[in-house]
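Residues per chain are reported as follows:
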Amino acid sequence: MSEAILYSADGDTETVLAAPGLRVSRTRPVARFAFRGDAAAAGKAGAAFGASLPMTPLAANQVAARAALWLGPDEWLLLAADEPPAAIAAGIEAALADVPHALVDVSERNLALLVEGERAARLLNTQVFLDLDLAAFPVGMATRTLFAKAEIILWRLGDEAFAVECWRSFAPYIEGLLLEGARGL
Amino acid sequence: MTQIRRTRSGGRIDRSQPVRFTFDGRELTGFAGDTLASALLANDEHLVGRSFKYHRPRGILTAGSEEPNALVGVTRSPGSGTPNLRATQVELHEGLSARSQNRFPSLGFDIGAVNDLLSPLFVAGFYYKTFMWPKSFWNRVYEPFIRAAAGLGVAPTAPDRDRYANRYAHCDVLIAGAGPAGIAAALSAAEVGARVILADEQAEMGGALLHETGATVERQPADRWLEAALAELAANPRVTLLLRTTAFGYFNHNYIALGERVTDHLAVPDPDLPRERLWQVRARQVVIAAGSIERPLVFPENDRPGVMLAEAGRIYANRYGVLPGRSIAVATACDTAYRAALDIHAAGGSIAVIADLRERPDEALVAEARAAGIRVETSCVVTGVLGRKRVRSVLLGRLRSGSVTAAGTVNADCLLMSGGWTPNVSLHSQSRGKLVWDAERGAYLPGAAVQAERSAGSCAGVDGLAAVLADGAHAGAEAAREATGTAHAPRQIVAEGGEAGIGWVLGALPHDRDAARVRAFVDYQNDVTAKDVKLAVREGMHSIEHIKRYTTTGMATDQGRLSNMNALSIASTALNRPVPEVGLTTFRQPYTPVSFGTLATTSRGDLFDPVRKTPIHGWAAGQGAAFEDVSLWKRAWYFPRGGEDMHRAVERECRTVRESVGLFDASTLGKIEVVGPDAAEFLNRIYTNPWLKLGPGRLRYGLMLNEAGFIMDDGVVGRLAEDRFHVTTTTGGAPRVLAHMEDYLQTEWPDLKVWLTSTTEQWAVIAVQGPKAREAIAPLVDDIDLATEALPHMSMREGHVMGGIPCRLFRMSFTGEAGYELNVPPSRAREVWEAVWANVEKLGGCAYGTETMHVLRAEKGYIIVGQETDGTVTPDDVGMSWAIGKKKRDFVGMRSLARPDLVAEGRKQLVGLLTRDGTALLEEGAQITREAVPALKTPALGHVTSSYVSPAAGRPIALAMIADGRARMGETLHVPMPEGAITVEVVPPVFVDPEGARLNV
């Protein structure tokens, strides 16, 4: 799967849950940035970053080990697994020296879980109220939403694969609810 | 003598699988496929409960969820279990243990039945009339008495050990009810590829098809067609079939709540399965196929065990293979009861009489009944029954031009009745759809829809199997077309049998009995009689809403589905106004009772709320720290050593910080990175302080007001670069502050080029405070000069610690001691913490928690937002006018600070308090007065906001907000307490190092 280039599970110790048709795992650290600015800034940022920042609401653009997720009209989440955050930031800042924008390192703020398998959407729907039918939430769609009482970013990586980005202190709560939801799903 | 009322053959039960169960401790046997009600009836048990108010013996009235009488408690283990389950819905399983309710000491002999003898006292409005005076009796006598006597069933005493699940779902078409209309709708909707959810509250889908034994559908017996139809739906991946699932709430925007009972019917449930599952469904279109409910007849003693609705008797015979009695009388105003009599007769039952209220019922039906040897009487009304715990005989009367004369007695142990059918409009009504009165049918029917829903089949007033199937198919196709945009002809389904029955009656039946002595029940569960409704009208209740509340009719678990139409008709007659003018009460959620577990789902215990822990949490727990909850965070409260209590631990921690060094986890502080060319201008507008001239590398304490000029939050802000600030907020205020800032940015100042990003969890914060703080961290810092000249108080640097770990190092203090805060990545925070800890230990320092932090800051008079402030406090009130930029043109709250009430004399101001005796510890929140024993209703001068034993001051200290406090320095005031007033002296609110010399060590 292509997402393995960006998100990779870190061996058995990172498995939160494995059941028939269901697997939830923690991922290796990646670099993350909150990028804010107008379309012009986003255009330059995308060129420097190596994955253009999508202008379509809820879209994500992945190029190899980098991805840009549309979160709002002037807000994107940038993800990269191939270089340390400081180097990536330096590249983008250099290209945007004269353009108003905000680039903030949030690599450590978030953690990501991979939820995969035939029953992945059903498991997520125990706490996510969005319609996860492929027609309504196609592969590549990403959105900020709620997982019970925790804010997450949900990104569909494949027909049966999702990434859940959350703030790190919320991860145990989300994992706990995923484990609970998987029982008797 | 087991199952003596079981038929020889037939029914959908599995006779090869006997099932043992207990009712009130007695062992009984039924068959797999039985409900508790059908199994009790098979054992000829009709007496199953006592009524709510009069404790009258009650039997099984219905075969469905509308059952008002047969409420039982089902226990799985001591202390747990569920009260008020309807026996008609409880599926039998091996070992089921059910108990009757509302009786003491036993179902057969119940002391509470004395209420029945006293019934003339308990008329409608009894409580309103009786417990009026003396007023003082209400709290002490009346209410406790009523509370003890009221309530149905026994609430469980043990915590619920079951699990409850939640599922969000979306669909094109949700169909509520899987009777013939619902199944036809599902078949038609699924044909166009719509996503369909079909939910039914029963254990089997099919509704009337499950007992319509004579009918054929598509030239097959009804049950065979049903099997094929369900198989077709089950094979469709776009269709979800939900058994034992009640659509109990219809909310806005086609949001419907379903309650699925997952394991209650299982003898040994899989522990992985939840007991119940809440489905929260967003449906594009809804088809309500809820069927109709047979209406009881209102005649004297119509509540005796053995009195049952006619169609229920037919269901027990056809579906469960149970005869409802040995000798069965039928009283009716509707054709369908003939079908019940004939089916029961065919199943081997004995029908004593069919008493038809009507003068000329359908001749063919009468002929068919008589041909079967059944006595049929027309213009014949039931006027009562004899027998208390079971019908013994039935009294008949002859109707002639409105008056009734006795027409003999019929021996019978069961009376089946039918007053006609009431379309089940509950869900339509919940969706806010209006109802339309149909005088021809004597029924309310669904009117125009408000939401995307339609009713189909008999709940829409369509009768007869063929018509119901056609209406359902049409509704399914229409709903699918509306939802998906794809049109498709409805499925054509040919059916014969299950004909429509005509005839109905509403209201109390005439009789020849002594009206003063007999009671005819309208609402069984709430014990409301026809007389109660009439009395309510006489006493001035003219609206049905008032009558409902005065008599409690329609307030039972069936929400009046059985009783409303009769009550309405009686009220309409008493008021001499047509039914539609009297109105109808609104049906509300939930359709049937829902357990608290289903509503709570997974929100319990550790999963009720997120429990946020810092990267240092594990270390603190390992050190034996006590924790306190601060918003969603767990924070280390204090670190007891060797059996210390909190008081001793905090005293030691306070001394240690002031004498050497203390280590504190400040990771929970909110952090916001404010970035953009207008960042300084933005902060200038949001905070009271000036920001434009703050140089990069400098820190400043920021004070934030709301529009009213009151303190909202505070925190230290660092300038990382010309266009980049690191803002900190209080732990609890972080989300509120970000929302406040974002709100202003988006709505008031969209022109500012500045953006906000929450970085609370990007940085863990290790605070090192005390005279030896620099010594503790110096060996770990790679590339930052810690000398006071290079890094003075209130400045910051970005650099690294421990060989390359990024660090934003702040020199700041919330203790009054020299101090540093190391902002480091959470993934590395534990190792940095432990390295600092090693140094701190060597220096004789300690780790401290939030309690010590509170004491240390109080000794310095530093406020805590939310403790010294309460949402009505201005900067000047807490002596912080210095934080207001005097030359600033504007900031949020600035105009309000000039309001007359905010500049008036007499406002409460922050002061310190010392107790006269030097030992008493004041209580936070205690009131402060001028007199030691003030006269009653003397207003307080103020209140204590913070109070601690201060090791540095060597005595208890307190902060307080007192009217004109700063003008009262040296005054003696009093804090009245239950044990007597404590004398205090007003002092400045700084108890340690007023010059601040210790900050610059």
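All values derive from a computational prediction rather than experimental measurement.

Undergrad: Whenever I open this one, the overall build of chain A confuses me. Can you help?
TA: Helix and strand counts for chain A stand at 5 helices and 11 strands. Against the compact-globule benchmark of 16 Å for 185 residues, chain A has a radius of gyration of 16 Å, which places it among compact chains. Principal axes of the C-alpha set define a box for chain A whose edges measure 55 × 35 × 30 Å. Every one of the 185 residues in chain A was classed for burial, and the buried ones make up 51%. Restricting to contacts in chain A with at least 6 residues of sequence separation, those with at least 24 account for 58%.

Undergrad: Is there a simple way to think about the overall build of chain B in this case?
TA: For chain B, the helix and strand inventory stands at 24 helices and 50 strands. Expressed as lengths along the three principal axes of its C-alpha atoms, the size of chain B is roughly 115 × 70 × 55 Å.

Undergrad: Would you mind going over the interface of chain B and chain A with me for this structure?
TA: For an interface, size is often stated in terms of accessible area lost upon the parts coming together. Facing the 32 residues of chain B at the interface are 29 residues of chain A. For the side of chain B that touches chain A, the secondary-structure elements that each account for two or more residues are strand 8 (164-176), strand 35 (670-675), strand 39 (755-758) and helix 22 (826-842) of chain B. Of all the elements, strand 8 of chain B adds the most residues to the side of chain B that touches chain A, at 6 residues. Within the side of chain B that touches chain A, the residues separate by chemical class into 13 nonpolar, 9 polar and 10 charged.

Undergrad: Honestly, the packing of helix 7 (residues 310-318) of chain B against helix 8 (residues 336-346) of chain B in this entry has me stumped. Any pointers?
TA: Packed helices, taken two at a time, are described by their axes: the angle between them and the distance between them. Residue and element names in this part refer to chain B. It is at 9 Å that the axes of helix 7 and helix 8 come closest, and there the two elements cross at 30°. Considering their axes alone, helix 7 and helix 8 lie roughly parallel with respect to each other. For the element pair helix 7 and helix 8, the recorded crossing hand is left-handed. From helix 7, A310, E311, G313, R314, A317 and N318 reach across to helix 8, where they touch T336, A337, R339, A340, D343 and I344. Of the residues contributing to the contact of helix 7 with helix 8, the split by class is 5 nonpolar, 3 polar and 4 charged.

Undergrad: Mind showing me how you'd approach the environment of B:D558 here?
TA: Residues and elements named next belong to chain B. Position of D558 relative to the elements: it lies in the loop between helix 13 (544-551) and helix 14 (564-575). The spacing of D558 and P593 is 35 residues in sequence and 8.7 Å in space, taken between C-alpha atoms. Excluding residues that lie within four positions of it along the chain, D558 makes contacts with E66, P68 and Q525.

Undergrad: For this particular structure, what's the right way to read the sheet that holds strand 19 (residues 351-356) of chain B?
TA: Hydrogen bonding along the main chain pairs the strands of a sheet, whether they run parallel or antiparallel. Residue and element names in this part refer to chain B. Pairing is parallel in the open sheet, where 5 strands are placed in the order 17-24-18-19-20. Where the open sheet ends on each side, the last strands, each with one partner, are strand 17 (307-309) and strand 20 (376-377). Relative to strand 19, strand 18 (residues 328-332) is paired through 5 bridges, and the arrangement is parallel. What sits directly across from A331, in strand 19, is A355. On top of the sheet, helix 7 reaches strand 17, strand 18 and strand 24 (414-418); it is set at about 85° to strand 17, its chief contact.

Undergrad: How should I be thinking about the domain arrangement of chain A in this particular structure?
TA: All names here are of chain A. You can read the domains of chain A as domain 1 (3-28 + 109-182) and domain 2 (31-105). A straight line from the C-alpha centre of domain 1 to that of domain 2 covers 23 Å. In this assembly, 10 residues from domain 1 lie in contact with 14 residues from domain 2. Of all the elements in the fold, those that place two or more residues in the side of domain 1 that touches domain 2 are helix 1 (3-6), strand 9 (142-147) and strand 10 (150-158). Counting residues per element, the side of domain 1 that touches domain 2 draws most heavily on strand 9, which supplies 3 residues.

Undergrad: How do you make sense of the nonpolar core when you look at a structure like this?
TA: Generally speaking, nonpolar side chains in soluble globular proteins are found buried as a group. Residues B:V173, B:V330 and B:L415 are the most contacted members of the largest nonpolar core, which totals 176 residues. The contacts of B:V330, once residues within four sequence positions are left out, are B:A310, B:A337, B:A340, B:A341, B:I351, B:V353, B:I354, B:A355 and B:L416. A:A150, B:F664, B:C846 and B:I957 belong to the second-largest nonpolar core, a separate cluster that totals 175 residues.

Undergrad: How do you make sense of unusual backbone geometry when you look at a structure like this?
TA: One can expect most non-glycine residues to show negative phi and most peptide bonds to be in trans. All names here are of chain B. The step from Q589 to P590 runs through a cis peptide bond, and the omega angle for that step is -5°. Along the polypeptide, P590 turns up in the loop between helix 15 (579-582) and helix 16 (596-600). Backbone geometry at Q3 places phi at a positive 50°, although glycine is not the residue there. Following the sequence through the fold, Q3 ends up in the segment before strand 1 (14-23). Even without being a glycine, E218 presents a positive backbone phi close to 50°. Mapped onto the secondary structure, E218 falls in the loop between strand 10 (216-217) and strand 11 (220-221). A tally of 14 C-beta atoms within 10 Å means that E218 is categorised as partly exposed.

Undergrad: Just to check I follow, could you spell out the domain arrangement of chain B for this structure?
TA: For chain B, the domain assignment lists domain 1 (1-154), domain 2 (164-292 + 423-487), domain 3 (296-419), domain 4 (519-587), domain 5 (665-842) and domain 6 (895-1000). Each of domain 3 of chain B and domain 6 of chain B was reduced to a C-alpha centroid, and the two centroids are 82 Å apart.

Undergrad: Quick question: what am I supposed to make of the sheet that holds strand 6 (residues 75-80) of chain A here?
TA: Residues and elements named next belong to chain A. What the 5 strands build is an open sheet, ordered 4-5-6-3-7; its pairing is antiparallel. Single-partner strands in this sheet number two, and they are strand 4 (60-63) and strand 7 (102-105). Averaged over neighbouring strand pairs, the angle between their axes works out to 20° when direction is ignored. Bridge count between strand 3 (residues 31-36) and strand 6: 6 bridges; the pairing is antiparallel. When the bridges of strand 6 are listed, F33 appears paired with L78. Lying over the sheet, helix 2 (residues 39-49) contacts strand 3, strand 5 (66-72) and strand 6, oriented at roughly 160° with respect to strand 5. Against the sheet, helix 3 (residues 85-95) makes contact with strand 3, strand 6 and strand 7, and its axis sits at roughly 175° relative to strand 7, the strand it touches most.

Undergrad: Any chance you could explain the pairing of strand 48 (residues 955-963) of chain B here in plain terms?
TA: On a regular strand, one side chain projects to one face of the sheet and the next to the other, so that they alternate. Residues and elements named next belong to chain B. Strand direction decides the pairing type here: strand 45 (residues 908-915) and strand 48, joined by 6 bridges, are antiparallel. Directly across from L913, in strand 48, lies its bridge partner A958. The pairing of strand 47 (residues 942-950) with strand 48 spans 8 bridges and is classified as antiparallel. Bridge pairing links Y948 to I957 in strand 48. Linking strand 47 to strand 48, which pair antiparallel, is a turn of 4 residues; within it G954 sits at a positive phi near 70°.

Undergrad: Help me understand the packing of helix 12 (residues 530-538) of chain B against helix 14 of chain B in this model?
TA: Residues and elements named next belong to chain B. It is the contact of helix 12 with helix 14, at a shortest axis distance of 9 Å, that shows an interaxial angle of 40°. It follows from the interaxial angle that helix 12 and helix 14 lie oblique. Relative to helix 14, helix 12 is oriented so that their crossing is right-handed. Contacts between helix 12 and helix 14 involve A530, V533, K534 and V537 from the first element and A567, I570, A571, A574 and L575 from the second.

Undergrad: Would you explain the pairing of strand 26 (residues 435-438) of chain B in this entry?
TA: Residues and elements named next belong to chain B. Looking at chain direction, strand 26 and strand 27 (residues 443-446) are connected through 4 bridges and run antiparallel. Directly across from W437, in strand 27, lies its bridge partner Y444. Here strand 26 folds back onto strand 27 in antiparallel fashion, the turn holding 4 residues, of which G442 has a positive phi close to 65°.

Undergrad: Just checking my understanding: could you explain the confidence of the model for chain B for this structure?
TA: As a general rule, the predicted coordinates of low-pLDDT regions are not to be interpreted in detail. Looking at chain B as a whole, the pLDDT averages 94, with 97% of positions reaching at least 70. Across the interfaces of the predicted complex, the ipTM metric reaches 0.97, alongside a pTM of 0.94.

Undergrad: Is there a simple way to think about helix 12 of chain B in this case?
TA: Along an α-helix, residues three or four apart share an orientation, since each turn contains 3.6 residues. Residues and elements named next belong to chain B. Residues A530, K531, D532, V533, A536 and V537 constitute the buried set of helix 12. Elements that come into contact with the buried residues of helix 12 comprise strand 30 (521-523), strand 31 (528-529), helix 13 and helix 14. One or two positions beyond helix 12, positive phi appears at G540, with a value near 105°.

Undergrad: I keep staring at the environment of B:P994 and nothing clicks. Help me out?
TA: Residue and element names in this part refer to chain B. Turning to its location among the elements, P994 is positioned in the segment after strand 50 (982-987). The exposed category is assigned to P994, around which 12 C-beta atoms lie within 10 Å. Sequence separation between P994 and E859 is 135 residues, and the spatial gap between their C-alpha atoms is 9.7 Å.

Rules of the game
- Residues numbered from 1 in each chain as written.
- Chains lettered and ligands numbered in written order.
- Predicted model: local features only at pLDDT ≥ 70, side-chain atom pairs only at ≥ 80, totals over all residues.
- Helix = DSSP H or I, 4+ residues; strand = E, 2+ residues; numbered from the N terminus.
- Rg over C-alpha atoms; globule rule 2.2 N^0.38 Å.
- Buried ≥ 20, exposed ≤ 12 C-beta atoms within 10 Å, placed from the backbone.
- Contact = placed C-beta atoms within 7 Å.
- Nonpolar A, V, L, I, M, F, W, Y, C, P; charged D, E, K, R; others polar.
- Axes fitted to C-alpha atoms, helices over the stretch in contact; angles between N-to-C directions.
- Parallel < 35°, antiparallel > 145°, perpendicular 65-115°, else oblique.
- Left-handed = near helix turned anticlockwise from the far one by under 90°.
- Pairing = 2+ DSSP bridges.
- Domains from an automatic or database assignment.
- Core = buried A, V, L, I, M, F, W, Y, C linked by C-beta atoms within 7 Å.
- pLDDT = per-residue confidence, 0-100.

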